[in-house]
Amino acid sequence: DGGITQSPKYLFRKEGQNVTLSCEQNLNHDAMYWYRQDPGQGLRLIYYSQIVNDFQKGDIAEGYSVSREKKESFPLTVTSAQKNPTAFYLCASSGTGGQQYFGPGTRLTVT
Amino acid sequence: GIQVEQSPPDLILQEGANSTLRCNFSDSVNNLQWFHQNPWGQLINLFYIPSGTKQNGRLSATTVATERYSLLYISSSQTTDSGVYFCAGAIQGAQKLVFGQGTRLTINP
């Protein structure tokens, strides 16, 4: 099955801990993206990567870090510097046409 | 950056009704897309429609790029159409999509 997988579906962490969210795609897409969604809001771009070993900050990158060592994988680390990390995190990828496809998301709760 | 405005913010309809959702952009965009977010949070692609009209079953979309807006039509609504509908677009030459705040559609049986 072709698609985007995110794990875990739900994640609980204590304040002050870093946490890494996984995103894998087997669509052979070059570009991958991380978005954050807060309740009742639209999606905001955290980071994106157009090619392996390269990535750019989105609109709300502070407190987050990413890596893109493989085409299929784009993990997101939520660091302790992120002031309000509790949110729904969505990963997406796109091919040459630009249409974005989304994974099922990870709900992160930090207490 | 570009601003994306969706209307109405909320819409409650009875099963079988038709609806029109609107998306306005503050600047010219490409990569215009419509998504449906289901109750579990998954975003499903509905249309990739930088211009023109497309139809898929009971859903259709029209984008008038010169006037910077897009419309999503849902006919003969079903309860499974409930959820939040988002439009998103990118400025020329960019891959960064900017999302609207969404329209929350509730279809009652």
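Conventions adopted
- Residues numbered from 1 in each chain as written.
- Chains lettered and ligands numbered in written order.
- Predicted model: local features only at pLDDT ≥ 70, side-chain atom pairs only at ≥ 80, totals over all residues.
- Heavy atoms only, no water.
- Helix = DSSP H or I, 4+ residues; strand = E, 2+ residues; numbered from the N terminus.
- Rg over C-alpha atoms; globule rule 2.2 N^0.38 Å.
- Buried < 20%, exposed > 50% of the residue type's maximum accessible area, 1.4 Å probe, protein only.
- Contact = heavy atoms within 4.5 Å.
- Lys, Arg positive; Asp, Glu negative; His and termini not counted.
- Charge placed at Lys NZ, Arg CZ, Asp CG, Glu CD.
- Disulfide = S-S within 2.5 Å.

**Concerning the overall build of chain B**
- Scanning chain B from terminus to terminus reveals 0 helices and 11 strands.
- Going from the N terminus to the C terminus, chain B shows its helices and strands as β-β-β-β-β-β-β-β-β-β-β.
- In terms of overall dimensions, chain B is globule-like: its C-alpha atoms have a radius of gyration of 13 Å, near the 13 Å expected for 109 residues.
- Taking the principal axes of the C-alpha coordinates as reference, chain B spans close to 45 × 25 × 20 Å.
- For chain B, the proportion of its 109 residues judged to be buried stands at 49%.
- Contacts spanning at least 24 positions in sequence make up 55% of the contacts within chain B whose residues lie at least 6 apart.
- In chain B, 6 positive and 6 negative side-chain charges are present, and the distance between their average locations comes to 6 Å.

**Details of the state of the cysteines**
- Counting across every chain of the model gives 2 disulfides over all chains.
- For Cys23(A), the disulfide goes to Cys91(A), at an S-S distance of 1.8 Å. Here the S-S torsion is close to -75°, and the disulfide linking Cys23(A) with Cys91(A) is therefore left-handed. In this pair, Cys23(A) sits in strand β3 (residues 19-25) while Cys91(A) sits in strand β9 (residues 87-94), placing the two residues 68 residues apart along the sequence. Cys91(A) carries the same exposure label as Cys23(A), and that label is buried.
- Two residues share a disulfide in this structure: Cys23(B) and Cys87(B), whose sulfurs sit 1.9 Å from each other. Because the sign of the S-S torsion sets the handedness, a value of about 75° for the bond joining Cys23(B) and Cys87(B) places this disulfide among the right-handed ones. A residue pair is termed long-range when its members are at least 10 positions apart, and Cys23(B) in strand β3 (residues 19-25) and Cys87(B) in strand β9 (residues 83-90) qualify at 64 residues.

Note that all results are geometric; they support no functional claim without further evidence.
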